[in-house]
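Structural features, examined
The residues making up each chain are set out below.
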Amino acid sequence: MAFHEVRFPASLSFGSVGGPERRTDIVTLANGFEERNTPWAHSRRRYDAGFGLRSLDDVEALIAFFEARQGQLIGFRWKDWSDYKSCPPSQDVGPLDQLIAVGDEVTDRFQLIKTYRSGETTYDRPISKPVVGSVRVSVGGDPLQEGVDYTVDHETGGISFDHPPDLAAEVRAGFEFDVPVRFDTDAILSSLSSFQAGEAPNVPVVEIRV
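These figures come from a predicted structure and were not determined experimentally.

As a further point, take the side chain of Thr185. Among the secondary structure elements, Thr185 is positioned in the loop between strand E16 (179–183) and helix H3 (192–196). The buried category is assigned to Thr185, whose relative accessible area is 16%. For Thr185, the side chain forms a polar contact with the main-chain oxygen of Ala187, separated by 3.1 Å. Here Thr185 is in contact with Phe66, Gly71, Gln72 and Pro204, once residues within four sequence places are set aside.

Here is the structure:
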């Protein structure tokens, strides 16, 4: 489906409300026990961009962006200020942040991922929209140079090496990233009087699979 490689104004997404959601099917059995299952391998994020609007100029910028995307029709990039780095928010991106693969001397293309860990449980989230110029890569602990040792597909999150990494060599990467989203409405309803009174318009945004 149509996607524009353009980011929703970061100044407007700052202050927005949102985060990941899961889909869980729950069946309660006759004995009171539950069976729980999920059809989703990955979470899906939702946001409300209305909370980031602070002035009438912001509303105008929102409407211009909305019209250019033709409502729900065209996807775009979104900066999730609560989760946009391969490292903790207080740290700088580095080439050792995330383990994305282990070399086998054959494979020369890998997908960026971010691993979320709680105790012994982990979840690997594919990253498809890295920020241009932010990706740092290392193999076996040695930092590499983009454009010389590897290239980044910023539309898919794939990393391609000029030479396959050595056997058992850890392939690690650090990066900033955006979330691929679309508007979850075909209408933006705003009122001058309500906005001046502190009431933000409802502007739902939902993550899409790309």
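For the rest of this paragraph, the subject is the nonpolar core. Of all hydrophobic cores here, the largest spans 18 residues; its most connected members are Ile100, Leu112, Ile159 and Phe161. Counting only elements with at least two residues in this core, the list comes to strand E7 (98–102), strand E11 (136–139), strand E13 (150–153), strand E14 (158–161) and strand E15 (170–174). Core analysis: the next-biggest nonpolar cluster, separate from the first, contains 17 residues, Ala49, Leu62, Phe183 and Val205 among them.

Once that is clear, we can look at unusual backbone geometry. Phi angles above zero are rare outside glycine, and Gln70 is one such case at about 55 degrees. Take Gln70: it is sitting in the loop between helix H2 (56–68) and strand E6 (75–78). Given a relative accessible area of 49%, Gln70 falls into the partly exposed group. One non-glycine residue, Glu105, lies in the positive phi region at around 70 degrees. Take Glu105: it is sitting in the loop between E7 and strand E8 (109–111).

Cut-offs applied
- Residue numbers restart at each chain and count upward from 1, following the sequence in its written direction.
- Local features are withheld for residues below a pLDDT of 70 in this predicted model, meaning they are given only at 70 or higher, and side-chain atom pairs are given and counted only at 80 or more; totals for whole chains, interfaces and linings count all residues.
- Side-chain measures were taken over the full set of non-hydrogen atoms in the model, leaving aside hydrogen atoms and water.
- Strands are runs of DSSP state E lasting at least two residues, helices are runs of H or I lasting at least four, and both sets are numbered from the N terminus onward.
- Under the scheme applied here, a residue whose accessible area is under 20% of the maximum for its type counts as buried, over 50% as exposed, and between as partly exposed, the area being computed with a 1.4 Å probe on protein chains only.
- Here a polar contact is taken to be a pair of N or O atoms separated by no more than 3.5 Å, where protein atoms must pair a possible hydrogen donor with a possible acceptor and residues adjacent in sequence count only if both atoms sit in side chains.
- Whether two residues touch is decided by their heavy atoms; if any such pair falls within 4.5 Å, the residues are in contact.
- Nine residue types can take part in a nonpolar core, namely buried Ala, Val, Leu, Ile, Met, Phe, Trp, Tyr and Cys, and a core is a set of them joined through side-chain atoms within 4.5 Å.

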